[in-house]
Amino acid sequence: AVVSTQSTGHKLVNSTKQHYGKVYFNKVVSYPDIKSLATRTLTNVPLFTFEELQQDYGFVLYEKTYNNFYHQVELEITDPRDMVYVFADDKYIGKIYRAVNKKISLPTFKKLGLLVENMGRINYGPFLHDYKGLVGDVKLGDETVSKGTDWNIWSLPLNNTHLAEFNDLRSNPGPASLMKGLFTIHGRPADTWVKMSNFDKGVIFINGRNIGRYWPVAGPQKHLYVPSVFLKSGQNEMIMLEVSKMPGSTGELFVELVDHPDVGSCEESPEIDKSIFDY
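Everything in this summary refers to the structure shown in the same document. What you see is a predicted model, and the numbers here were worked out from it, not measured in a lab. Per-chain numbering applies: the sequence of each chain, read as written, is numbered from 1 onward. Local features are withheld for residues below a pLDDT of 70 in this predicted model, meaning they are given only at 70 or higher, and side-chain atom pairs are given and counted only at 80 or more; totals for whole chains, interfaces and linings count all residues. The side-chain numbers reported here are obtained from all heavy atoms of the structure, hydrogens and water having been left aside.

1. Description of the overall build of the protein
Comment: elements are numbered from the N terminus, with helices defined as DSSP H or I runs of at least four residues and strands as E runs of at least two. Along its length, the protein carries zero helices and 24 strands. Atoms counted for the radius of gyration: C-alpha only. Globule rule: 2.2 Å times the number of residues to the power 0.38. Relative to the globule expectation of 19 Å for 279 residues, the C-alpha radius of gyration of the protein, 21 Å, shows essentially globular dimensions. Exposure categories follow from relative accessible area, calculated using a 1.4 Å probe and restricted to protein chains: below 20% of the type maximum is buried, above 50% is exposed, and the middle band is partly exposed. Buried positions account for 48% of the 279 residues belonging to the protein. Put simply, 78% of the contacts in the protein that link residues at least 6 apart link residues at least 24 apart. Computed with the Shrake-Rupley method and a 1.4 Å probe, the accessible areas treat only the protein chains shown as cover for residues. Carbon and sulfur atoms form 47% of the exposed surface of the protein, whose accessible area is close to 14100 Å². The criterion used for residue contact is that any of the two residues' heavy atoms lie within 4.5 Å.

Laid out in structure tokens, this is it:
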């Protein structure tokens, strides 16, 4: 399609769109090895916020190892900012979200890992000072464990994915794993979109550029736009961090590059609790 602009006399031509097909992930950096991408590591410190760590975006991993086992205890985070992915002895348990749930049951464990995602700051009203991290208390049962200076912290803004040391993907990785796949473009690159139907929530990078975050169940956007200038003729690299839920088999570890957007609608996702958008 051609659009005429009367004021300048120029014609604007729609860009070319292309379906490039499936991109399979065959390399991985599994949790907790994503610590290797930390831009800052602190040991035996308090639960510093993102702001105290001078980190604007991304993730922060907070970890604490106890001398004795905790058995079947409930974890409560009174003010999580924003999404917290919970690990017990490096095994993914589930997530805590500031707008939905602040408690989760844990199995027997010694090491507690809390991977916190900054999902963007509120810039109006009573929430204007929207600090990120574990702002409130962290409790295991009736015990408050957030007051001490015995936490280890890894800053993970993920602005350095090119430094990741990937291993061959031989089995299905768990959540909070970084995966890599390659795809080839013949000729001049065109605009495309990433369709990630098999995944739940995370971030995608193409050729070192952060394409954006995805959360299809929350929407409304279902596909991520990739402009042609981010691509190149020949081999291209895609890196994905999936933080919540992996597909059931390695054969499903792929996304698809399609030639159309899906901007979706929250109303098209009846399974989601709309209260997640309330603060």
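From this point on, the discussion continues.
2. Notes on the packing of aromatic side chains
Aromatic rings from Phe, Tyr and Trp, taking only the six-membered ring of Trp, are treated as a pair when their centres fall within 6.5 Å; an angle between ring planes under 30 degrees marks them as stacked, one over 60 as edge-to-face, and anything in between as tilted. Counted under the stated rule, the structure contains nine aromatic pairs. Arranged with centres 3.7 Å apart and planes meeting at 15 degrees, the rings of tyrosine 31 and phenylalanine 87 form a pair that is stacked. With tyrosine 31 in the loop between strand S4 (27-29) and strand S5 (40-45) and phenylalanine 87 in strand S9 (residues 83-88), this pair connects stretches of sequence that are 56 residues apart. The same class applies to tyrosine 31 and to phenylalanine 87, which are both buried. These aromatic residues form a ring-pair network of at least three members: Tyr31, Phe87 and Tyr92.

3. Some points on the sheet that holds strand S10 (residues 91-97)
Sheet architecture is open: six strands sit in the order S5-S16-S6-S12-S9-S10, paired in antiparallel fashion. If you trace the sheet from one side to the other, it starts and ends with S5 and S10, each paired once. Averaged over all neighbouring strand pairs, the angle between strand axes comes to 20 degrees, with direction disregarded. Pairing between two strands is assigned when DSSP locates at least 2 bridges connecting them. Judged from the five bridges that link them, strand S6 (residues 59-70) and strand S16 (residues 151-156) form a sheet pairing that is antiparallel. What sits directly across from phenylalanine 59, in S16, is leucine 156. Axis angles are defined between N-to-C directions and span 0 to 180 degrees, where every axis is a line fitted to C-alpha atoms and, for a helix, only to the segment in contact.

4. So, the sheet that holds strand S22 (residues 223-226)
If you walk across this open sheet you meet the four strands as S3-S24-S19-S22, and the pairing is antiparallel. Pairing within the sheet leaves two strands with one partner each, and these edge strands are strand S3 (21-24) and S22. Averaged over neighbouring strand pairs, the angle between their axes works out to 30 degrees when direction is ignored. Here four bridges tie S3 to strand S24 (residues 254-258), and the two strands are oriented antiparallel to one another.

5. Some points on the environment of leucine 75
As for its placement among the helices and strands, leucine 75 is situated in strand S7 (residues 74-77). Leucine 75 sits 63 residues away from valine 138 along the chain, and the two C-alpha atoms are 7.3 Å apart. With residues near it in sequence (within four places) discarded, leucine 75 still touches Val86, Ile96, Lys102, Lys103, Ile104, Leu106, Leu112, Leu114, Val138, Lys139 and Leu140.

6. Some remarks on the side chain of aspartate 200
Within the secondary structure layout, aspartate 200 lies in the loop between strand S19 (192-195) and strand S20 (202-206). Among the polar contacts listed, one links the side chain of aspartate 200 to the side chain of serine 244, at a separation of 2.7 Å. Those residues in contact with aspartate 200, other than ones at most four positions away along the chain, are Lys95, Tyr214, Trp215, Pro216, Val217, Glu242, Ser244 and Lys245. Polar contact criterion, stated in full: a pair of N or O atoms within 3.5 Å, where within protein one must be able to donate a hydrogen and the other to accept it, and residues adjacent in sequence count only if both atoms are side-chain atoms.

7. Description of the pairing of strand S12 (residues 109-117)
Burial analysis of S12 places eight of its nine residues in the buried class, the great majority of the element. Note: S6 against S12, eight bridges, orientation antiparallel. When the bridges of S12 are listed, lysine 64 appears paired with leucine 112. The pairing of S9 with S12 spans six bridges and is antiparallel. Directly across from alanine 88, in S12, lies its bridge partner leucine 112.

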